[in-house]
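# Coordinate analysis (summary)
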Amino acid sequence: MITAKTLQLGIIGDPVDHSFSPKMQNFIANHMGMDYVYSAFHVKPENVGDAIRGIRALGIRGINVTAPHKVAVMQYLDEISPQAEILGSVNTIVNRGGKLIGYNTDSEGFYLALTNAGIKIEGSKILVMGAGGVVKPTLIRLAQAKPERITIVNRTPQRAKDVADGVFAATGYKICTEITDFDFDIVLNTTSAGMEPQLDALPCDSIREIDNFDFIRPGISAVDMIYNPDRTRFLKLAQERGAKILNGLDMLIYQGIIAYELFTDTKLPDGIAGVIRKEVFGR
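Residues numbered from 1 in each chain as written. Predicted model: local features only at pLDDT ≥ 70, side-chain atom pairs only at ≥ 80, totals over all residues. Heavy atoms only, no water.

### Here we look at the packing of aromatic side chains
Under the convention used in this document: Planes of paired rings set the category: under 30 degrees apart is stacked, over 60 is edge-to-face and the rest tilted, where pairs are Phe, Tyr or Trp rings (Trp by its six-membered ring) whose centres lie within 6.5 Å. Secondary structure follows DSSP: runs of H or I at least 4 residues long count as helices, runs of E at least 2 residues long count as strands, and numbering of each begins at the N terminus. The buried label applies to any residue whose accessible area, calculated with a 1.4 Å probe on protein chains only, is under 20% of its type's maximum; exposed applies above 50%, and partly exposed to all values in between. Geometrically, a charge over a ring is one whose NZ (Lys) or CZ (Arg) sits within 6 Å of the ring centre while staying within 35 degrees of the ring normal.
According to the stated counting rule, one finds 8 aromatic pairs in the structure shown. When the centroid spacing of 6.3 Å and the interplanar angle of 65 degrees are considered together, the rings of Tyr-36 and Tyr-260 count as edge-to-face. Within this pair, whereas Tyr-36 is found in strand S2 (residues 36–42), its partner Tyr-260 is found in helix H8 (residues 249–264), the two being separated by 224 residues in sequence. Accessibility assignment for this pair places Tyr-36 and Tyr-260 in one class, buried. Pairing Phe-182 with Phe-215 gives two aromatic rings, centres 4.9 Å apart and planes at 40 degrees, and the pair type is tilted. With a gap of 33 residues between them, Phe-182 in the loop between helix H6 (157–171) and strand S9 (186–189) and Phe-215 in the loop between S9 and strand S10 (221–224) connect regions that are remote in the sequence. Three or more aromatic residues joined by ring pairs form one cluster here, namely Phe-182, Phe-184, Phe-213, Phe-215 and Phe-234. The ring of Tyr-111 is capped by Arg-141, whose NZ or CZ atom sits 3.8 Å from the centre of that ring.

Following this line, the structure appears as C-alpha cells:
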C-alpha cells in the first residue's frame, strides 16, 4: 500500500510508455517487502534539466534514464561514477541526501548476462553487428574483460568506425572494423532486425560484409539484445546450427537489479534474477 512514507523511484525517457522497468522494479520492492514505488515519467528533451532538478526538489530516491536522455542528463548531476564517465552515458541516478550521482548499469547488466550464462569473454573472438547508441558502452565493458579480438560491422561502415574510435579513446583497446576471417566465439546482434515490424529480418540483410550465417557452428554463442520476441530469426537459425543462444532479457533484468541495489543500498539475494524472469516475464 502506498502511504505518505512510501519512497519514490522512477524512469524518464521519450517515449517511456514501452518500458518494462516499472513492472520489474515494483515487483522487486514488493518481493523484498520494501516501501518503494516506481513510476514512469515522460520527459521531452527540452525539459531534461527541469526533470533532473525535480529529483532533488521532490526527494525522489532514484531515477533510471532511457533514450534519448542518457548523455544529456550528465551535465545536471553532482557526481558521475568513474565507470559511467568512461562509458560516456548514465542510465541510473541516485539521490544521496540531495546529491545526485550518475551510474551506468546497462553495460554491467549485459556483462553479467553473458558471464552468468557461462559465456566466456576473456580471450574470445567477438563479432558485433550494429553500431547504435547502446553499442559503445557495451563494447567498452567487453574490452575491459580482455577478449582476444572484437570486430564491429554496421550498415553504415563509418558509424562502426566512430564506435571503434570511441572505444579506443576510452580504453586503448583497438576494435577491428573489417572482417578478416569468420572465426568467432561470440556473435552479437545489436540491430533491430528480428523485432517488430522486422520479425523476418536477419542482421546480415543490411550488412555487406556478411552474406549468411554459415560460419555459426556448435561452440559459438549467439547473443541478441532483443528480448521480444523471445527468439528472433537470428537466434532460431543459430540454435539450428548448434550454437548456444541468449536473448536480451537477462541484460534487462541484471541492469535493473544493479539499479535497485544502488537506489536502496540493498544487496538483493542470489537467484533473484530467476524469480524476476519467471514472475515478471513468465519465462
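### Some thoughts on the environment of Thr-232
The test is simple: Here a polar contact is taken to be a pair of N or O atoms separated by no more than 3.5 Å, where protein atoms must pair a possible hydrogen donor with a possible acceptor and residues adjacent in sequence count only if both atoms sit in side chains.
One can find Thr-232 in the loop between S10 and helix H7 (233–240). For Thr-232, a relative accessible area of 1% translates into the label buried. Along the chain, Thr-232 and Leu-252 lie 20 residues apart, while their C-alpha atoms are 17 Å from each other. Reaching out from Thr-232, the side chain makes a polar contact with the side chain of Asp-224 at a distance of 2.8 Å.

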